[in-house]
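Structural description and commentary
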Amino acid sequence: MVNVKIIITIIVGLLLAACGGGSESEESKATSPQQNKSENNFTISTQIDKHVRIHPQTAIVKPGAIATFEVTADAGYQINLIEGCSGALTNTTYKTAPINANCTISVTTVASLVAPEKKEQLSVVRLGYPGRIKLDLAEHDQTAIYNLYYAKESGVTNENYQHLRKGNVLKNVNFPIELPAAWNDFQNTYFIAEKVVGHVKSLSNEVTTTHQHIAGNWGRLCAVEGSSISCWGDTRYRSHKIIAQQPEIVDEIKQLAVGTVHQCSLSKVGVTCWGNSEDERLAVPELSDPSFIAIDGSTSCAIDSKGMKCWGENASAHNRVVLQNPKEVKLNDFSQNCAIDDSGIVCWDNYGNVKLKLPELKASHSLTISNRFACAISDNKVACWTKNGTPVELESIFKNPSQVTVNNASICVLDDTGVKCIGDQQHPGQNVPHLTNPRSIFSDDQYNCAIDDNGSHCWGRTEYIYNELPRLTNPTQVAFDSFTGENPLSCFADESGLECSSNSYGQVLFDKQYYPDDISLRDDNLCIVENGKLECFELVKEWSQEDPKIRLQARPTNLDSISNGSAARKSYLSWEGISVCALYTGGFLCDSDNSGADWSYPSMYFDNILSLDLSEDRICMVRGYQQINSRFVQCIKEGTHEELFVPGDLLTTKSVSVGAIETCVLELDRAVCWNRANDVYSKPLVNPTQLKVYTYQACAVDDNGLSCWPLGSNEGKGITLPSIQNVTKLMEDSTCAVGEDGLFCWDIFPYYGYGQRDRALY
């Protein structure tokens, strides 16, 4: 930064003396205090901050004189304010008005605002093994010279690369550049480009290479997308399958590993794990420069500069295995656990006993294991074996294979020609879709995936992972039926109407389009309230000779026993869908006369039910009058008129919500909850508006947004919520909410959230 100099010259009392006579101009040269102490003169003092240099710091002028000043600002600073003595700043000169009294000039500075240096945007445009790593810059300057610095540690620069592990430089490179050396030279490597124009040098952003862009486990799939992780697939009990959201951003992700209920990432900050904390799944040990991670079930392992370290359920067995400078590790509880080290490939069982050594597979990479066999690439060939060491004969010849993955039905290989899959010809996992420059592949139990220029693509039995939340416009209702085994159902309603679908049978057929105000879904039974009218349906399988495909038809059911002619507000279905209850403007009715009913609630006629909810064993309501702010809470035992416990210190109750474990009411500044043993607690809230009690958690919306807490045996366990802006609606039976970015769902098992993939908030 060049010094900013403001020339401020004091010219006070300029005397022209010649031959004993003279005259005086209007702008006079200043004299120092020592030069002139006349009582008729005035003093100009200065007040400056530490980054200003001014001369002189004090001056004495005659009455009516005008003064100018010189100032120097330190490098990196500029004048923020200069004032006093009724002066004005013109260009670099501060000039006072005629001085007729003592005065002070004040000068302050601020740090100069330097435009941030524009970095060259370096990216990994292709990722693989030998000859398949390609780097490119977003913009090319034909007049510049480019150098490429890299190392096995983050933070590479043109000055420190030699001090980092395996740091080196490729000089005078042309972009795009395809690295010609073996993959192991550049696995998990950090790169930064240097641009040289004349004597000016600038650095790009730092990028890293890894083939592990996508990972999954048991129907869950996660992918690295920039600095975030997207996960999608099955929820609890493999029931409703909707897209998942990762709870946090992880910068510079090098590798991702996914377990059944937890996941870990390897990034510039080391190894981070999140999810279910049972069995010490998240207890990452102290690691020194970790370079590889793996998960299977509840056990995780990492390779660092000292060897392999594992944590979780079966960590002690894996930590007994002695390896020589390990490079990669893979775990599989159902077949074998293997690692690549300096001796070749070593495999062991779940008790830590070494069962197999393959010294002929030295310098291997791309280790992969399924329940049937394991594979790796060695000497530019794909080698596979069973858990007892028997070689697996492969039918295809691959050209420069760069990655191999296996599942129980197929072996997939990424080579110079693209992606090939071999194995069980009856399995849809052999049908590789069209891919554009594939750079990474992954296989799980029933499907295969690849990353190419257009994103992620999966094939095979992808129903395990690709039942997404639909793209909804102003969603109003959502319901999931988690108890229908192989035929889970889901219903969604937005401004385009109601749509219900089954994983197995597709979209449910209705006789007309509905726009419901309320929906309830249980065991192939659906009830809706639309404009005060209650209608219920049984969702039955139908097919014909003309169209043998099985479909679900919504068949209306008789509701004469619970219709009273007034406007319906809400419907309730029992867990098995046998009993139906409805809240009307003038009361509450249940089909207790139904011979197969699993609920037996008395019908009640009140015109003052402000809020009502029920579960398998009780019905609770808030009764009173909104206008006079008078209300009380009442709970009644199922099958009787017996009143149940309600806390006695409730004040102004807004609503009630009943779950299988606890009942909660919403008050002006808190939620009050009690369990079946009548243990009471409260949660402070700020202007709360909504409250819902689900099976394993309760949630509320207040001025601070959405908050949830675990119930019963889950107390003390964390709940990872998606980031939802401006929650407008909590859904009734499913842990879902509507915000300004659409519909989001989550659950306490496993510990990750769900949301629309293209609107995911991480």
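Residues numbered from 1 in each chain as written. Predicted model: local features only at pLDDT ≥ 70, side-chain atom pairs only at ≥ 80, totals over all residues. Heavy atoms only, no water.

1. Brief notes about the overall build of the chain
Applied cut-off: Helix and strand labels come from DSSP, where a helix needs a run of H or I of at least four residues and a strand needs a run of E of at least two; each type is numbered from the N terminus. Any residue under 20% of the maximum accessible area for its type is buried, any over 50% is exposed, and the rest in between are partly exposed; the area is computed with a 1.4 Å probe on protein chains only. Residue contacts follow a heavy-atom distance rule, with two residues in contact if any of their heavy atoms lie within 4.5 Å. Values of accessible area rely on a 1.4 Å probe in the Shrake-Rupley scheme; residue burial ignores everything except the protein chains shown.
For the chain, the helix and strand inventory stands at 1 helix and 67 strands. Put simply, the chain has 762 residues, and 51% of those count as buried. When contacts within the chain are restricted to residue pairs at least 6 apart in sequence, those whose partners lie at least 24 apart make up 47%. Counting every atom, the chain has about 34,900 Å² of accessible surface; 47% of that belongs to carbon and sulfur.

2. A word on the pattern of salt bridges
For clarity, the threshold we go by: Salt bridge, as used here: a side-chain nitrogen of Lys or Arg that lies within 4 Å of a carboxyl oxygen of Asp or Glu.
The tally for this structure, following the rule as stated, stands at 15 salt bridges. With a shortest N-O distance of 3.9 Å, Lys355 and Asp349 are connected by a salt bridge. The class for Lys355 is exposed, based on a relative accessible area of 59%. On the basis of relative accessible area, Asp349 is assigned to the buried category, the value being 17%.

3. Focus on the sheet that holds strand 39 (residues 418-423)
Put simply, the rule reads: Pairing between strands is defined by DSSP: at least two bridges between the two strands are required. Helix axes are fitted only over the stretch in contact, all axes being lines through C-alpha atoms; the angle between N-to-C directions runs from 0 to 180 degrees.
With respect to topology, 3 strands assemble into an open sheet ordered 37-38-39, the strand pairing being antiparallel. Of all the strands in the sheet, just strand 37 (403-406) and strand 39 have a single pairing partner and so form its edges. Pairwise comparison of adjacent strand axes, ignoring direction, gives a mean angle of 20 degrees for this sheet. Pairing analysis gives 6 bridges linking strand 38 (residues 410-415) to strand 39, with the strands arranged antiparallel. Each residue of the ladder has a partner; that of Val413, found in strand 39, is Lys420.

4. Some thoughts on the state of the cysteines
Stated formally: Pairs of cysteine sulfur atoms within 2.5 Å are what we label disulfides.
If you walk through the whole model with that rule in mind, you get 12 disulfides. Shown here is the disulfide that connects Cys301 with Cys310, its sulfur atoms set 2.0 Å apart. In this structure the cystine formed by Cys301 and Cys310 twists about its S-S bond by roughly 105 degrees; its chirality is therefore right-handed. The disulfide that involves Cys375 links it to Cys384, with 1.9 Å between the sulfurs. Here the S-S torsion is close to 110 degrees, and the disulfide linking Cys375 with Cys384 is therefore right-handed. Among the residues examined, Cys384 registers a relative accessible area of 6% and is labelled buried.

5. Quick word on the pairing of strand 52 (residues 580-584)
Burial of strand 52 is extensive: 5 of the 5 residues sit out of reach of the surface. Side chains Val580, Ala582 and Tyr584 of strand 52 all project onto a buried face; the interleaved residues Cys581 and Leu583 project onto the opposite face, where all are buried too. As paired strands, strand 51 (residues 568-573) and strand 52 are joined by 5 bridges and run antiparallel to one another. Following the sheet pairing, Tyr572 is matched in strand 52 by Cys581. As judged from the 4 bridges shared by strand 52 and strand 53 (residues 587-590), these two strands associate in the antiparallel manner. Following the sheet pairing, Leu583 is matched in strand 53 by Phe588.

6. With respect to the sheet that holds strand 11 (residues 103-111)
On the basis of which strands lie adjacent, the open sheet formed by 4 strands has the order 6-4-11-8 and mixed pairing. For this open sheet the edge positions go to strand 6 (58-61) and strand 8 (77-83), each flanked by a neighbour on one side alone. In this sheet, neighbouring strand axes are inclined to one another by 20 degrees on average, regardless of whether the strands run parallel or antiparallel. Of the strand pairs in this sheet, strand 4 (residues 42-48) and strand 11 are connected by 5 bridges, and their pairing is parallel. Note on strand 11: the bridge partner recorded for Ile44 is Cys103.

7. Some points on the nonpolar core
What counts, and what does not: Throughout this description, the term nonpolar core refers to a set of buried Ala, Val, Leu, Ile, Met, Phe, Trp, Tyr and Cys residues connected via side-chain atoms within 4.5 Å.
By size, the foremost hydrophobic cluster in this structure holds 18 residues, and its most contacted members are Leu498, Val508, Phe510, Leu526 and Phe537. The biggest single contributor to this core is strand 44 (residues 489-494), with 3 residues. Non-local contacts of Phe510, meaning those with residues more than four positions away in its chain, are made with Leu498, Cys500, Leu526, Phe537 and Ala554.

8. Concerning the packing of aromatic side chains
Heads up, the condition is: Between rings of Phe, Tyr and Trp, where Trp is taken as its six-membered ring, a pair exists when centres lie within 6.5 Å; planes separated by under 30 degrees are stacked, by over 60 edge-to-face, and by other angles tilted. Remark: a charge is flagged as sitting over a ring if the NZ atom of Lys or the CZ atom of Arg is within 6 Å of the ring centre and within 35 degrees of the ring normal.
Applying the stated criterion to the full structure yields 8 aromatic pairs. On the basis of an interplanar angle of 85 degrees and a centroid distance of 5.8 Å, the ring pair of Phe510 and Phe537 is categorised as edge-to-face. You can see Phe510 sitting in the loop between strand 46 (506-509) and strand 47 (518-522) and its partner Phe537 sitting in strand 49 (residues 533-542), a full 27 residues away along the chain. In this pair, the class of Phe510 matches that of Phe537, namely buried. An aromatic cluster is built from Phe510, Tyr514 and Phe537, whose rings are joined through pairwise contacts. Of note, Lys570 hangs over the ring of Tyr572, and the distance from its end group to the ring centre comes to 5.1 Å.

9. Topic: the environment of Leu331
Its location among the elements puts Leu331 in the loop between strand 30 (328-330) and strand 31 (337-341). With 16 residues separating them along the chain, Leu331 and Cys347 place their C-alpha atoms 9.6 Å apart. If near-sequence neighbours (up to four positions away) are discounted, Leu331 is found in contact with Ala294, Asp296, Thr299, Cys301, His318, Gln336, Asn337 and Trp348.

10. A word on the confidence of the model for the chain
Counted only if it meets this: A residue's pLDDT is the predictor's confidence in that residue, given on a scale from 0 to 100.
When pLDDT is averaged across the chain, the result is 76; 74% of the residues are at 70 or more. This stretch, residues 1-37, has a pLDDT under 50; its non-local contacts, to residues over four places away or in other chains, come to 99 contacts. Of the regions scoring below 50 in pLDDT, residues 127-131 engages in 28 contacts with residues more than four places distant in sequence or in other chains.

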